[in-house]
Protein chains: 4
Amino acid sequence: MEEKLQYKINLTDKVPFHNNALFCVGTGRMNLALRKEYHDQLKKVQEDIHFSYIRGHGLLCDDMAVYHTYEEDGEMKVEYNFTYIDLVFDDYLSMGLKPFVELGFMPEALASGTQTVFYWKGNVTPPSDYKKWAELIKGLVHHLMDRYGREEVVTWPFEVWNEPNLPGFWKGADMEEYFHLYEVTANALKECDSRIRAGGPAICGVDDKRWLTCFLKHCSENKVPLDFVTRHAYAADAPDRDGHYEYQALREPKAFMDELRESRRIIDSFPEYEGMEMHITEFNTSYTPRNPIHDTNLNAAYTARLLSEMGDVCASYSYWTFGDVFEETGVAYTPFSGCFGLLANGMIPKPTYWAFSFFKNLKETAIARSEHFVMTMDEKRGICGIGWNPVEGNEDKDITLEFSLNLSNGDYMLVTKVVDENTCNPLRAWTKMGTPAYLNKEQLDLLLECARPKVDIKQIRVMDDATVFEIPLSSNGLCYFEIQQIYPKADRGFRPERIRGAI
Amino acid sequence: MEEKLQYKINLTDKVPFHNNALFCVGTGRMNLALRKEYHDQLKKVQEDIHFSYIRGHGLLCDDMAVYHTYEEDGEMKVEYNFTYIDLVFDDYLSMGLKPFVELGFMPEALASGTQTVFYWKGNVTPPSDYKKWAELIKGLVHHLMDRYGREEVVTWPFEVWNEPNLPGFWKGADMEEYFHLYEVTANALKECDSRIRAGGPAICGVDDKRWLTCFLKHCSENKVPLDFVTRHAYAADAPDRDGHYEYQALREPKAFMDELRESRRIIDSFPEYEGMEMHITEFNTSYTPRNPIHDTNLNAAYTARLLSEMGDVCASYSYWTFGDVFEETGVAYTPFSGCFGLLANGMIPKPTYWAFSFFKNLKETAIARSEHFVMTMDEKRGICGIGWNPVEGNEDKDITLEFSLNLSNGDYMLVTKVVDENTCNPLRAWTKMGTPAYLNKEQLDLLLECARPKVDIKQIRVMDDATVFEIPLSSNGLCYFEIQQIYPKADRGFRPERIRGAI
Amino acid sequence: MEEKLQYKINLTDKVPFHNNALFCVGTGRMNLALRKEYHDQLKKVQEDIHFSYIRGHGLLCDDMAVYHTYEEDGEMKVEYNFTYIDLVFDDYLSMGLKPFVELGFMPEALASGTQTVFYWKGNVTPPSDYKKWAELIKGLVHHLMDRYGREEVVTWPFEVWNEPNLPGFWKGADMEEYFHLYEVTANALKECDSRIRAGGPAICGVDDKRWLTCFLKHCSENKVPLDFVTRHAYAADAPDRDGHYEYQALREPKAFMDELRESRRIIDSFPEYEGMEMHITEFNTSYTPRNPIHDTNLNAAYTARLLSEMGDVCASYSYWTFGDVFEETGVAYTPFSGCFGLLANGMIPKPTYWAFSFFKNLKETAIARSEHFVMTMDEKRGICGIGWNPVEGNEDKDITLEFSLNLSNGDYMLVTKVVDENTCNPLRAWTKMGTPAYLNKEQLDLLLECARPKVDIKQIRVMDDATVFEIPLSSNGLCYFEIQQIYPKADRGFRPERIRGAI
Amino acid sequence: MEEKLQYKINLTDKVPFHNNALFCVGTGRMNLALRKEYHDQLKKVQEDIHFSYIRGHGLLCDDMAVYHTYEEDGEMKVEYNFTYIDLVFDDYLSMGLKPFVELGFMPEALASGTQTVFYWKGNVTPPSDYKKWAELIKGLVHHLMDRYGREEVVTWPFEVWNEPNLPGFWKGADMEEYFHLYEVTANALKECDSRIRAGGPAICGVDDKRWLTCFLKHCSENKVPLDFVTRHAYAADAPDRDGHYEYQALREPKAFMDELRESRRIIDSFPEYEGMEMHITEFNTSYTPRNPIHDTNLNAAYTARLLSEMGDVCASYSYWTFGDVFEETGVAYTPFSGCFGLLANGMIPKPTYWAFSFFKNLKETAIARSEHFVMTMDEKRGICGIGWNPVEGNEDKDITLEFSLNLSNGDYMLVTKVVDENTCNPLRAWTKMGTPAYLNKEQLDLLLECARPKVDIKQIRVMDDATVFEIPLSSNGLCYFEIQQIYPKADRGFRPERIRGAI
């Protein structure tokens, strides 16, 4: 099936579009940030995309070695060790990233129970002693201010815990207990510096309306400090498990967005919180790190659409996660394991990687937008746009976007960068290779060569202050396009018409 | 126009094929080897292609600052300065390259005249004092042996001068004078170590039969040391100059090869020189660094054919040159100036770059070959081949190579890497940009993205011990292909049929 | 106190000296090899010192994610995941290191019990099923041969387990059980390729004579494959614990060596094992990673002496460990935590680092040796030596080595590189800084500047075919010295006597 | 001889001190900036010292290939080629350097004569056509604004020509001709953008008072644009030539400064130029690149004093030059050739390198200063100072600076970094090696080890709000010192008194 969609665009139009795709990105647990491959992947991501913040679990878990007790003179004493946190945050800052700090999970020696989450066993029980927890938070923040400077640390948001509305992440999903944790923590933060920004409740989309309403009510009634609201958003239905993998269907983008709009509405219903920043501190298509969808072109096309819309409702939206160094369900057996990352292990960009790299290039002002594209412009660098065409299921549905633009007369160059199932699909290339579990250098190099957008340049001559151009999008195609005025001027004696292949 | 060529290939066949494409590469004058961009280009070439030797002009020219005279106690004395030679050779060796040493041109203070060649003014007159010349050669070689070790230096060939059969390169193209220079030089080299290998006459294809015959006769009759014969080969006719550029037609590859075969025949006609190594110390399509053909896909396809045939006749053949840091006719005004390099300035691979990178991958044994392809095999890494389709002029002529192969049953992966006018043509991309003389970062990045082969992977299941596959070659297309047996084995639960786009 | 020791040395003498200091080095557990700081430290060590092999614990522990079970069709099945082992071994090989493979500890799913060792909880119980253990070993080796090549893998020694003679490392220190483990493992290795070399019993110096004797007897009587013998050696007495630290006295070097000589004697007492390689797969002064001695100049001077003597008795001796990324007793609170490494965290070379870098430079033939120095010579690069002066306790005892050498007449350069408590003592510098737990960039840079040998060059003119020179060694001083003949030749007009400070 | 100098310093004092040592640095001619070693040296200089601007000769010389003429339709036409200028300026900006643009020398095709300067033959004659010169300047500036942005280019000072008061640099040292050149050039610059800053007359200290007075008078009377005044300053007397070298005596620092003060006075005597910036666009001890003084510790100590005083009189002072890639008198025969650079070839820091690296660390406010030291302070990073002790001739004269400071009670760390003839003197080390002309890797590494400051840390406990400390300075010693308050806090159980060598 094929379809042509026609758009007539006026360059002086302005349409709402809040592009904040690069504000924050998610990561595997903090301890993994000590890894070399993690560093290498993140460095590449920062070179090509450059996020501003990064958020992940496990800052206070025992593999970060922060909280310790010992007996001395018959008394139990506490000591802190910030060595690993320093290593991780030093590395982030060296790559131009600030932490979007998630406070959790519980150090064993401070835990009230033994319940853990994930393969890596993060303790998810409340503190056995809230006073010691508050001391820990203050000790941490003071250490950070000593090392990185007070003015720097007050630019880092602090979020309390992760998805307490799930019993797996917070013992019993006990709402009151979480509110207490939040309150103690937020107050501890403010004691360090009143400018430090505290936020929660970091919930996912389960019983979320009730949780959000109660949380805001609790904060409001008890004068609990709250600087921003956080939640998560995923677009997939219940999974079907098969071996190491899980398969799911996607919800409609509109359903995904409606859930966020509802949260927005709840926040705005509190006069004192109206307009307060809502940060989506995790989002993705599927919420399981075993769904191969994350490695597909469908994921890229679907995510592109989300990126074009989420800024309408949210202050930011953090893709979960930048890379596949991630162990929540154990260590992946293959390079394409369905994990969340923009990069597969081996530093292979997945299609969704390019969605982010394309959004990076958008200009400040949008001049047109639909559910299939966004187009922006600035004076200096011309017109940029992104088109997408997500198609689930087995059928193909190709579309063509046709744009009529009132460009002024002159010569232009039209650059297109295409990522689709045929041109930039490392998952398929790997399948064709026979899905080798352990890539050798030749295989890896080959996959890297199969994971690059197809780039093309055309020249356009505009005659009557108007032009028409087409962006074809095959199924799950994603296309970045750019139009720039050029002023052709040949070197003395350079005659393309005399050179085979030059025109 | 389109054509299909069918080949039936037996895997156990062996056909002659002496692949020595990576033995040596040419370079701009030695002083340019001090440049940063030169180093960066050569480093990239070595990483991707890895030549064994490098040869260029100007080792003894005054910009290398080697030969000096001064007055002391009323007497003229000589002093040598090998500082820059060390810098250059250190750098070569650090990149896995050995010098194929060309001895020339003449230091001013030792010259008998003032005639120079090129923008950079290399003095091309005989020495004013042959004894001092011999001292210089010996001083140089002893210095090299001190620094790099005697065992290393005896692996470097030494060639005497460059194209003395042209009056522009050797005053008066004086044959007798050259023979004298050769004799003095060869003897000086042997004095340093009898294992040092001396060669000449480094002629180009002008009056070449007479020169070669006389040179060999001279050496033979006078017992002049000679370890190898050198000459140059270019495929272009007389140029038509226009501004900074020159345009030429190409000769048929057969004519190009016949000239070399004739040289081979002359050498073999001397019983004492029969079978002696003949090194083509320069070759390319056009001999002028102002012909845009060097930047085209035609050049790549034409050169690929030459690379497949030259080993039949020559010990080696050195492409002139690896990069565009080159100043023979001055400094280029644009990144695509028609210069010789595999890389354009800015580190942009030209199509011919990929021809060499593809020949690097060929296996040791050829199983089939025609004027459009060569196919090789080894036990471990399977079957590799290269196809090419050079088309001059304005007409297109696409061809398809169809191969029938007696592969044994099993699963295989067919990898293709295509470089043609539509997929990997940075010259055209630059033309579409309006031929900007000074590239900014965005333009350069874009050109790099337009200068990569299109890579594709297919799976083949062989059932009856035979398979047929096609390699389509559009005009001036160049295609590397590789067939490897695979043993598909899916991870537990990985079901490509459940993953959109995976198959 | 001061003392002068005089040595008269004849350049034509030869004395026994088997320098194998760079054969192997120890490391923290395999999972730590995924860390970035680990990689950076090891890279520096390889650049400056360059060991050939590396050995550490935990290859099969659960944080390497190798061994897994799952239920399918009502049956318990096993699957392997070699992803992390590949990452680690790829990295080693990229740095010129081969693994000295230690097989252990036990994956939880294959363990017969729950006893663990270390902060990182390595399971130290025998396999619950020896057949499955043997399958695992064979699966591992076949995977390694697939990835790295059979010819490569047969150059890697395989050692079975670690210190089974300690109950903490092997449940009950059960000797018979270990012999069984050894036998099953060695046979499994030989099944993969008979050239794979198996060794044990990897014991430390507790009840070691009995263990070694019984082990050899067991192998001998039961025809168990054995290609080399391994043991460990430490020079410290029982520790005194204080907070995060442990303090110990050192034994005399002679006592240390006698223990090894006794092992050698036991091996040689078995006719079939006479002369068999004995590898010391771990050695150091103290065996606890909390003893600050590892960070001192005493450690360097003491270790230098051991390095000069251990080759008399052992095939190799592997310093435990190259760096301080190490978590056996938890995560260090400060950069100088008394851990084993040659490098402190932050990439700060400890004094012992230089001992190894000096032994790297020794020539092949020793011409003199005492308990305070070793001196070597070769034709090409002259004379090299190392002197050391270990002094425990609070008293100082400086010595001077005076060498009389029958050097032939000429000019020489005497280079000395001194590492002692006053010139290259980062631990003291850090103490003077107030022992900051978390170093900022300025502090780290300063410590690096305080962690470099003091280098000096003197000129010696030998007149009567003899010279005398002195190497002063302050307490715990370590000095590398080198004598090379030089042929001074001034540039025209260079007059040191006219240049302030040049002579 | 020894001397003690005592200073009593009050921390609340402020003394004048305008530290602008890092504003600008000199370089060999622009074409050399294309070299790899040049780039590597400059990169190191920027990492360790970080200058803001860079200035050198030859921007318009023919080896930069800027200005060309050709005949077309019987007419002589002009074309520009900015390829090499772009390469050079791109590289500068990538290292955080802006050009301090020197306009000169004359392209051959625009020259009125053939007189040249230097080994590299810069044409020093006036333009044959001032209109074409003005076009060239405007063409250049417009190209720079296109590439780097108008806002960037207006921050680059433009200086007209170099040392026109010497006949060697400007034909006939013709003052009126220079004034004309200046006027044409300055007007051309202002035509491009009135904010572009023009300056001259770039004279050296020959007939300088008359030149400066006349130049300012000319500008004033003719309303010629002038934004800043430039001159050069060297401290050496007439040279004595010997082979490749020249030897000179130094003038007193006071005489050096008096010359600059006189220039300042002349400028200020014009009401319209009172207070106008005077930039010393070149300074050094000796003005010949063949004087070994540049490689000595004397040079470092003497320069340190100049750096402490020149800011009193000048807006900036540009050390001539950062490195020894420099060919004014030809190519150096040895690594220590007496050339101007802070770095010797091979990347060896000369003593003066450290003088600049030390001035980089000074704080903003000076609290004390003499002819032997400067001391500064800021709240955050404590007290920093530099001491120096230049001694010419053969006698030694050591001094000790004794400082009494009213530091408040507490613990402090005193860091000293010493560069003197005994501890950091690579020239002497090279002399001891026998002055090898061509360094091999071992020799180079050794020299690098001999070219590092000696760093030491002491702890000071201040009891009665006062302390006294000494900085000993041997002949030609240079010492950086830093005092920082520390808050010692030992890790639990860390007992330096139990650790040999820790205190």
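Since the structure is predicted, the reported quantities are computational estimates derived from the model, not experimental observations. (Residues numbered from 1 in each chain as written. Chains lettered and ligands numbered in written order. Predicted model: local features only at pLDDT ≥ 70, side-chain atom pairs only at ≥ 80, totals over all residues. Heavy atoms only, no water.)

Asker: Can you lay out the interface of chain A and chain C for me, pointing to particular residues and giving the numbers?
Answerer: The interface is formed by 29 residues belonging to chain A together with 29 residues belonging to chain C. On the chain A side of the contact with chain C, A:Lys36, A:Tyr333 and A:Tyr438 bury the most area, a combined 27% of that side's loss. Connecting chain A to chain C are 22 residue pairs in polar contact (both at pLDDT 80 or more). Sorting the residues of the side of chain A that touches chain C by element identifies helix 1 (36–48), strand 5 (75–80), helix 2 (83–94) and helix 3 (130–148) of chain A as the ones contributing at least two each. The greatest single-element share of the side of chain A that touches chain C, amounting to five residues, is contributed by helix 2 of chain A. (Contact = heavy atoms within 4.5 Å. Buried area = accessible area lost by both parts, 1.4 Å probe. Polar contact = N/O pair within 3.5 Å; in protein donor to acceptor, adjacent residues only side chain to side chain. Helix = DSSP H or I, 4+ residues; strand = E, 2+ residues; numbered from the N terminus.)

Asker: Would you mind going over the interface of chain B and chain A in detail, with residue names and values included?
Answerer: On the side of chain A, 60 residues touch chain B, which itself brings 60 residues to the contact. Interface area lost by chain B to chain A is led by B:Lys432, B:Phe494 and B:Arg500, which between them contribute 16%. Of the charged contacts in the structure, one is a salt bridge between B:Asp242 and A:Arg495, with a shortest N-O distance of 2.7 Å. Put simply, chain B and chain A have 42 residue pairs in polar contact (both at pLDDT 80 or more) between them. Counting residues per element, the ones that place at least two in the side of chain B that touches chain A are strand 13 (240–242), strand 14 (245–247), strand 23 (410–419), helix 10 (426–432), helix 11 (441–449) and strand 24 (454–462) of chain B. (Salt bridge = Lys/Arg side-chain N within 4 Å of Asp/Glu carboxyl O.)

Asker: Explain the relation of the copies chain A and chain C residue by residue, including any values.
Answerer: For the pair chain A and chain C, the best superposition has an RMSD of 0.0 Å and corresponds to a rotation of 180° with a translation of 0.0 Å parallel to the axis. Given the turn and translation reported, the copies of this chain are related as if by a two-fold rotation axis. Mapped onto chain C, 100% of the interface residues of chain A again fall at the interface, so both copies present the same surface. (Least-squares fit on C-alpha atoms with pLDDT ≥ 70 in both.)

Asker: Would you mind going over the domain arrangement of chain A in detail, with residue names and values included?
Answerer: Residue and element names in this part refer to chain A. Entries for chain A in the domain assignment read domain 1 (2–13 + 364–498) and domain 2 (24–56 + 83–99 + 149–360). Residue-level contacts link 31 residues of domain 1 with 28 residues of domain 2. Here domain 1 packs against domain 2, burying approximately 2400 Å² in sum over the two surfaces, 72% of which is carbon and sulfur. Linking Arg369 and Asp312 is a salt bridge whose minimum nitrogen-to-oxygen distance equals 2.5 Å. Between the two partners, domain 1 and domain 2, sit six residue pairs in polar contact (both at pLDDT 80 or more). Breaking the side of domain 1 that touches domain 2 down by element, the ones donating at least two residues are strand 21 (382–388), strand 23 (410–419), helix 10 (426–432), helix 11 (441–449) and strand 26 (478–486). Grouping the constituent residues of the side of domain 1 that touches domain 2 by class yields 20 nonpolar, four polar and seven charged. (Domains from an automatic or database assignment. Nonpolar A, V, L, I, M, F, W, Y, C, P; charged D, E, K, R; others polar.)

Asker: Describe in detail the pairing of strand 2 (residues 24–27) of chain C, supporting the description with residues and values.
Answerer: In summary, the side chains of a regular strand alternate between the two faces of the sheet. Residues and elements named next belong to chain C. Neither face of strand 2 is left uncovered, since the one carrying Cys24 and Gly26 and the one carrying Val25 and Thr27 both have all their residues buried. Pairing between strand 2 and strand 3 (residues 53–56): four bridges, direction parallel. Paired with Thr27 across the strands is Gly56, a residue of strand 3. (Buried < 20%, exposed > 50% of the residue type's maximum accessible area, 1.4 Å probe, protein only. Pairing = 2+ DSSP bridges.)

Asker: I'd like a description of the side chain of D:Thr435, backed by residues and values.
Answerer: Here D:Thr435 is to be found in the loop between helix 10 (426–432) and helix 11 (441–449). Discounting chain neighbours no more than four positions away, the residues touching D:Thr435 are C:Lys489, C:Ala490, C:Phe494 and D:Trp430.

Asker: A description of the sheet that holds strand 24 of chain B should follow, citing residues and the corresponding values.
Answerer: Residues and elements named next belong to chain B. Reading across the sheet, the six strands line up as 19-20-21-26-23-24 and stay open at both edges, with antiparallel pairing between neighbours. The open sheet has two edge strands with one neighbour each: strand 19 (365–369) and strand 24. Taking each pair of neighbouring strands and ignoring which way they run, the sheet shows an average axis angle of 20°. The pairing of strand 23 with strand 24 spans nine bridges and is antiparallel. Bridged to Gly410 within strand 24 is Val462. Along the sheet, helix 9 (residues 351–361) contacts strand 21 (382–388), strand 23 and strand 26 (478–486); its crossing angle with strand 26, the most-contacted strand, is approximately 30°. (Axes fitted to C-alpha atoms, helices over the stretch in contact; angles between N-to-C directions.)

Asker: How would you summarise the relation of the copies chain B and chain A if you had to cite specific residues and measurements?
Answerer: Superposing chain B onto chain A requires a rotation of 180° together with a translation of 0.0 Å along the rotation axis, leaving an RMSD of 0.0 Å. Mapped onto chain A, 100% of the interface residues of chain B are again interface residues, and the two copies thus contact each other with one and the same surface.

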